[in-house]
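Close look at the chain arrangement
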Amino acid sequence: MRVGVLALQGGVAPHVAAARALGHDAVELRRAADARGVEGLVLPGGESTAQRRLLAAQPGLRDAIDRLARWGAPVLATCAGLVLIAREVDGGPGTLGWLDVAVRRNGWGRQRDSAEAVADDGAPLVLIRAPRIVRVGPAVEVVRALAGEPVLVRQGALVGATYHPELTADLRVHRAVFGDARAEAGAGADVQ
Amino acid sequence: MQKSTYATKIGLAEMLKGGVIMDVVDADQARVAEEAGAAAVMALERVPAQIRAEGGVARASDPSRIEAIQRAVTIPVMAKCRIGHLMEARVLEALEVDFIDESEVLTPADLAHHVDKHAFEVPFVCGCTDLGEALRRIAEGAAMLRTKGEAGTGDVSQAVTHLRKIEAQLRRLGGLEPEQLVAEARTLGAPLELVRQVAAEGRLPVPRFAAGGIATPADAALCMHLGAEAVFVGSGIFLSSDPPRRARAIVEAVTHWRDPRALAEASRGLGEAMRGTEASGLAPEARLAGRGA
């Protein structure tokens, strides 16, 4: 699958590496033309205000990723990416509004409160000035929680994480969203 | 839950990649920077060019100034401490700044040592001019490196020199045999373990940003081309004639640095850049890059 990683600002490289480790063709998206042939989408972490402004300057790119999401392409949004696709942010309307959740930016505090943690299901979490999901819509499933609070959610083909699965060696989230092209090609399932 | 691990420190540096970190001296400038798309701001009392012009001892900023900037924006707020001044660093940590820049732009407090950055919960960025200096700062716990360049000049040549030197030294390291690494570590003045790690992985273990003299969108793009993963802009924005416009243009340039047409668009009609000073014409005592090697 050709996976496009939104590359306006932020932690792009770890997502590109994760997609390629699963045998996908990963491309960086900066312009509308970059989205040609893209079938899956990653919105990476970074600073959501910076990403939002850069996306506003690229209406063609915004339309292209909007179309992808509405067609039901698999989407993974982590941290600032989750903020971009959330319907509601800090009590106001979100930017792309695809995912029916409300988030609070920097919900844990400043960088000093950034942490490594273990999710309720044992998965390793890296939380960096992370947003918190404060409301989950009826069509949204909580896939993973930390002390009962959602940190990974799914709504159809849209997956949003408050943490950074791309910063750990654990590829399970990327595999759950985009599949494993190597396994499909019979190359084995030793992805972790 | 384990707070402030090395992974979370490097993680924040990772999230600032492809971004612009802008020097600001008050809440109004901080808001302009955030609105322009800055990935973070550096809270200061004076930008480097003012420090250069006014002279005197340059110290960490007044906490009330930093707090006013923290209240004004939601993006990360960084602040500078003097090289080796672990108590200024403790003050900045108590203020919960998001990153501390142990900076040669301020007057060094310790002429022989840097801060033990492992001992802090807040991540540190440090300046470097070559690979040895970079690895010494990483050994002390820095989670991000930036070139020193020559701050406050508006002349990008020193940042370019430092980026090229580090890149050449990284490439050289990759070509060495294992038995050559001990001698190379001694030449670089860097810990052997780090030298071995960098030789094996072919890259630094922390993000590498550019700083020092960046004044135009093309300057920022040049630094990205030379291997920088993000840029700091100090005096270059708020000493120019149209700071909001120049700030937006440099943000665009860092994202679209591979696209000359986008760079041309970003560079158009920005008004006057900061006037600046040619770095090669500076007297030795006016050069900041030699501080705290």
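Residues numbered from 1 in each chain as written. Chains lettered and ligands numbered in written order. Predicted model: local features only at pLDDT ≥ 70, side-chain atom pairs only at ≥ 80, totals over all residues. Heavy atoms only, no water.

**What about the pattern of salt bridges?**
Residue and element names in this part refer to chain A. Enumeration according to the criterion identifies 36 salt bridges over all chains in this entry. Across the pair R30 and E28 runs a salt bridge whose closest N-O atoms are separated by 2.5 Å. Note on R30: relative accessible area 16%, which makes it buried. Relative accessible area serves as the criterion here: at 32%, E28 is assigned to the partly exposed category. Among the salt bridges present, the one from E88 reaches R135, with a minimum N-O distance of 3.9 Å. Of this pair, E88 sits in strand β5 (residues 86–89) while R135 sits in strand β10 (residues 132–136), and the two are 47 residues apart along the sequence. A residue is classified by how much of its surface remains accessible, and E88, at 28% relative accessible area, is partly exposed. The exposure class assigned to R135 is partly exposed, which follows from its relative accessible area of 33%. (Salt bridge = Lys/Arg side-chain N within 4 Å of Asp/Glu carboxyl O. Buried < 20%, exposed > 50% of the residue type's maximum accessible area, 1.4 Å probe, protein only. Helix = DSSP H or I, 4+ residues; strand = E, 2+ residues; numbered from the N terminus.)

**With respect to the environment of D170(A)**
Residue and element names in this part refer to chain A. When you line up the elements, D170 lands in the loop between β13 (158–161) and α5 (172–178). On the basis of relative accessibility, which here comes to 14%, the residue D170 falls in the buried class. A polar atom in the side chain of D170 sits 2.6 Å from the side chain of R172. (Polar contact = N/O pair within 3.5 Å; in protein donor to acceptor, adjacent residues only side chain to side chain.)

**Looking at the sheet that holds strand β1 (residues 2–3) of chain B**
Ordered in space as β9(A)-β8(A)-β1(B), the three strands form an open sheet in which the pairing is antiparallel. In this open sheet, the two strands that pair with only one neighbour each are β9 (124–127) of chain A together with β1 of chain B. Across four bridges, strand β8 (residues 115–118) of chain A lies against β9(A) in antiparallel orientation. Each bridged residue has a counterpart across the sheet, and for A115(A) the counterpart in β9(A) is L127(A). (Pairing = 2+ DSSP bridges.)

**What to know about the layout of surface pockets**
Its volume calculated, the largest pocket comes out at about 670 Å³. Around the largest pocket, the lining comprises 31 residues; the ones closest to its centre are P14(A), L167(A), E14(B), K17(B) and R203(B). Within the residue set of the lining of the largest pocket, elements represented by two or more residues are α1 (13–21) of chain A together with α1 (6–15), α7 (157–174) and α9 (192–201) of chain B. Taken together, the residues of the lining of the largest pocket sort by class into 17 nonpolar, five polar and nine charged. For the second largest pocket, the calculated volume is near 430 Å³. Together, 19 residues line the second largest pocket, and E28(A), R30(A), M224(B), E229(B) and R258(B) are the ones closest to its centre. For the lining of the second largest pocket, the residue count by class is eight nonpolar, six polar and five charged. (1 Å grid on protein atoms, 1.4 Å probe; cavity = no way out; pocket = protein on both sides within 12 Å on 5 of 7 lines; lining within 4 Å. Points joined across faces, edges and corners; volume = space filled by probe spheres on them. Nonpolar A, V, L, I, M, F, W, Y, C, P; charged D, E, K, R; others polar.)

**Let's talk about empty space enclosed by the protein**
By the definition in use, this model includes four cavities of 30 Å³ or more. What the largest cavity holds in volume is close to 180 Å³. Mapped by element, the contributors of at least two residues to the lining of the largest cavity are β9 (231–233) and α11 (235–238) of chain B. Forming the boundary of the second largest cavity are 15 residues, of which G46(A), E47(A), C79(A), N106(A) and R129(A) lie nearest the centre. Those elements that provide at least two residues to the lining of the second largest cavity are α4 (80–85) of chain A together with α1 of chain B. Residue classes in the lining of the second largest cavity are distributed as seven nonpolar, five polar and three charged.

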